[in-house]
There are 2 protein chains.
Amino acid sequence: MAETLKIFKIGGAILDEPAQLSRFVAELAKVPGPRLLVHGGGRGASQLLTQLGQQPQLVQGRRITDAATLDIVTMFYAGKTNKQLVAGLQAAGANALGLSGADGNAIRAVRRPVGAIDYGFVGDLPADAVNTSLLELLLRAGLLPVLCAITHDGHGQLLNTNADTIASAVAVALAARRAVELHFCFEKNGVLADINDESSVIERLTAAEYAQLKAAGAVAAGMVPKLDNAFAALEAGVERVVIENALRINEPVKTVLCRS
Amino acid sequence: MAETLKIFKIGGAILDEPAQLSRFVAELAKVPGPRLLVHGGGRGASQLLTQLGQQPQLVQGRRITDAATLDIVTMFYAGKTNKQLVAGLQAAGANALGLSGADGNAIRAVRRPVGAIDYGFVGDLPADAVNTSLLELLLRAGLLPVLCAITHDGHGQLLNTNADTIASAVAVALAARRAVELHFCFEKNGVLADINDESSVIERLTAAEYAQLKAAGAVAAGMVPKLDNAFAALEAGVERVVIENALRINEPVKTVLCRS
């Protein structure tokens, strides 16, 4: 039986702070056993879009990925962020290997159908999106795959894809082959009972408890899609889902989500 | 005994022409057996540097890679060019996987020592630069590695590296494990006896014949470092070095370099 795989997802704020990112990289390199990292983009991509004269395209409040935007975010995520993470992990002693979804056909997406809104070059993930054979080949060779949030459609088109969605899809797909833990890392210590109190971490949260909290409006709006996604991964066979501080992944403080 | 590996190197003009690049990708996907691609940058990287307000830094006519330039060329080569090639090859049926030298520690370089000129973040390749185990793992899994010209030093620093040098180093390193052919692809049909006549391709060129042509000043200046590099690879154990048109790799017209 293969060892438990730990999948970490980082995004947002930490990617914008080089000092914090270095600390995360050092902590990740210390985690024993097979690991995989999925990263989103940070504010840097938005800055680059502005520098290159692209106006953020918003329709009904949703960001649209036109061809020029896709080009720029691909450069930023797959070029800059991904390679800096990989070089940093290599220096810290972890044999990282960066991937977009196109590489080795790691993640094959489908362009989001045009409905009321045309999101542009945005990819959604079908049930068979993840190339588990490729990821297992790399993991068994002792490599640490580092996936950015760019996928492809298999017909030559790259697609911008949500990093939380990729992390969950990879976790669920690999859970058919071995035990998988999915760690969503962010700037807080976990799910907080009181959003203003970092010491109020809920150590264990069941699906039923979460449903109650959500119904009572006690979950921060930004956390709802993340937690919905996380509980869905748990239901789909992922062994453990953890919400934790990106800088404290090797410490006991964290929220562990439980089916029941 | 493993099958003969064909390593292709493209750069310059072809990377700037989407239609030509698509044709090359389609031809490469048709080549049977194990393949590996090394690509340089095109003029697009220079355009991006200008768009982002970077002045080309030149000292004694040589380009200097400062930190801002490295950031931008890494985005362009490892992000844009590499991912477009990989997505295109995937669409054409070749299971391509893009790599910088940092990925899986594929190519570990050494920053060029500061002498009369400080070239900045430029990498030279020591004798043991190439991670042949990683490349063999990928090749044996049926993957087509696509290497961009960004390497790392193993201490977290990415480095800009000459793509011809990478192609030769990879060919020489893998030649210790299996038969390797090295194909330098460009916009001409091969080494030409008359630079103005595309039909004057020299089909076969020995090291002695090349030395004579070079002494007579009959080799275009831009070709001298490329051919020196190519003959050195041949001397170091590469089975065949071929100079050919990137759009005609599956046609017989080409120059084959021979040890004697």
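What you see is a predicted model, and the numbers here were worked out from it, not measured in a lab.

(A) Local environment of helix α2 (residues 43–51) of chain B. For α2(B), every residue scored as buried is listed here: Gly44(B), Ala45(B), Leu48(B) and Leu49(B). For α2(B), the angular spread of buried residues about the axis comes to 145°, placing them on one side. Exposed residues on α2(B) whose side chains face more than 90 degrees from its buried face are Arg43(B), Gln47(B), Thr50(B) and Gln51(B). The secondary structure elements touched by the buried residues of α2(B) are α3 (67–91) of chain A together with β4 (62–64) and α3 (67–91) of chain B. One or two steps after α2(B), the chain reaches Gly53(B), where phi turns positive at roughly 80°.

(B) Examining the relation of the copies chain B and chain A more closely. If you rotate chain B by 180° and push it 0.0 Å along the axis, it lands on chain A with an RMSD of 0.0 Å. One copy is carried onto the other by what is essentially a two-fold rotation axis. Taking C-alpha positions as reference, the residue of chain B nearest the rotation axis is Gly79(B), located at 1.8 Å. Counting the interface residues of chain B, we find that 100% of their copies in chain A are interface residues as well, pointing to one common contact surface.

(C) Here's a closer look at the interface of chain B and chain A. Counting from both sides, the interface comprises 37 residues of chain B and, opposite them, 37 residues of chain A. Between chain B and chain A, a total of about 2700 Å² is buried, with carbon and sulfur atoms accounting for 69% of that surface. Seen at the junction of chain B and chain A, the total is four salt bridges. Note that Lys83(A) and Asp103(B) form a salt bridge whose closest N and O atoms lie 2.9 Å from each other. Listed by contribution, the elements that provide at least two residues to the side of chain B that touches chain A are α2, α3, β5 (96–99) and α4 (132–140) of chain B. If one sorts the elements of the side of chain B that touches chain A by residue count, α3(B) sits on top with 14 residues. When grouped by side-chain class, the residues that make up the side of chain B that touches chain A number 18 nonpolar, 15 polar and four charged.

(D) Structural view of the sheet that holds strand β12 (residues 204–206) of chain B. Residues and elements named next belong to chain B. Overall, mixed pairing links the eight strands, which are arranged β5-β8-β2-β1-β11-β13-β14-β12 in an open sheet. With one partner strand each, in any of the chains shown, β5 and β12 form the two edges of the open sheet. Here the average twist between neighbouring strands, direction ignored, is 20°. Of the strand pairs in this sheet, β12 and strand β14 (residues 255–258) are connected by three bridges, and their pairing is parallel.

(E) Examining the sheet that holds strand β14 (residues 255–258) of chain A more closely. All names here are of chain A. The strand order β5-β8-β2-β1-β11-β13-β14-β12 describes an open sheet built from eight strands, whose pairing is mixed. At either end of the open sheet lies a strand with only one pairing partner, and these are β5 (96–99) and β12 (204–206). Adjacent strand axes in the sheet meet at a mean angle of 20° when their direction is disregarded. With five bridges joining them, strand β1 (residues 5–10) and strand β11 (residues 180–186) adopt parallel strand pairing. Following the sheet pairing, Leu5 is matched in β11 by Val180. Against the sheet, α3 makes contact with β1, β2 (35–39), β5 and β8 (144–148), and its axis sits at roughly 160° relative to β8, the strand it touches most.

(F) Molecular detail of the nonpolar core. Val170(A) and Val170(B) are the most contacted members of the largest nonpolar core, which totals 85 residues. Those residues in contact with Val170(A) that lie beyond four places of it in its chain are Ile7(A), Leu36(A), Ile107(A), Val130(A), Leu135(A) and Leu147(A). Core analysis: the second largest hydrophobic core is formed by 82 residues, Val31(A), Phe121(A), Ala94(B) and Ala96(B) among them.

(G) Quick peek at empty space enclosed by the protein. In total, this model carries one cavity of 30 Å³ or more according to the counting rule given. Taken together, Gly11(B), Ala13(B), Ile14(B), Gln20(B), Phe186(B), Glu187(B), Asn245(B), Ala246(B) and Leu247(B) make up the lining of the largest cavity.

(H) Fine view of the UniProt feature "binding site: substrate" (unreviewed entry) in chain A. All names here are of chain A. This chain's UniProt record puts "binding site: substrate" (unreviewed entry) on Gly41, Gly42, Arg63 and Asn160. Looking at where Gly42 falls in the secondary structure, it is placed in the loop between β2 and α2 (43–51). Excluding residues within four positions of it along the chain, Gly42 makes contact with Gly12, Leu15 and Asp16. Looking at the secondary structure, you find Asn160 in strand β10 (residues 158–160). Judged by relative accessible area, Asn160 falls into the buried class, the value being 14%.

What counts, and at which threshold
Residues numbered from 1 in each chain as written. Chains lettered and ligands numbered in written order. Predicted model: local features only at pLDDT ≥ 70, side-chain atom pairs only at ≥ 80, totals over all residues. Heavy atoms only, no water. Buried < 20%, exposed > 50% of the residue type's maximum accessible area, 1.4 Å probe, protein only. Helix = DSSP H or I, 4+ residues; strand = E, 2+ residues; numbered from the N terminus. Arc of directions from axis to C-beta. Contact = heavy atoms within 4.5 Å. Least-squares fit on C-alpha atoms with pLDDT ≥ 70 in both. Buried area = accessible area lost by both parts, 1.4 Å probe. Salt bridge = Lys/Arg side-chain N within 4 Å of Asp/Glu carboxyl O. Nonpolar A, V, L, I, M, F, W, Y, C, P; charged D, E, K, R; others polar. Pairing = 2+ DSSP bridges. Axes fitted to C-alpha atoms, helices over the stretch in contact; angles between N-to-C directions. Core = buried A, V, L, I, M, F, W, Y, C linked by side-chain atoms within 4.5 Å. 1 Å grid on protein atoms, 1.4 Å probe; cavity = no way out; pocket = protein on both sides within 12 Å on 5 of 7 lines; lining within 4 Å. Points joined across faces, edges and corners; volume = space filled by probe spheres on them. UniProt positions renumbered as here; feature names shortened; annotations may be inferred.

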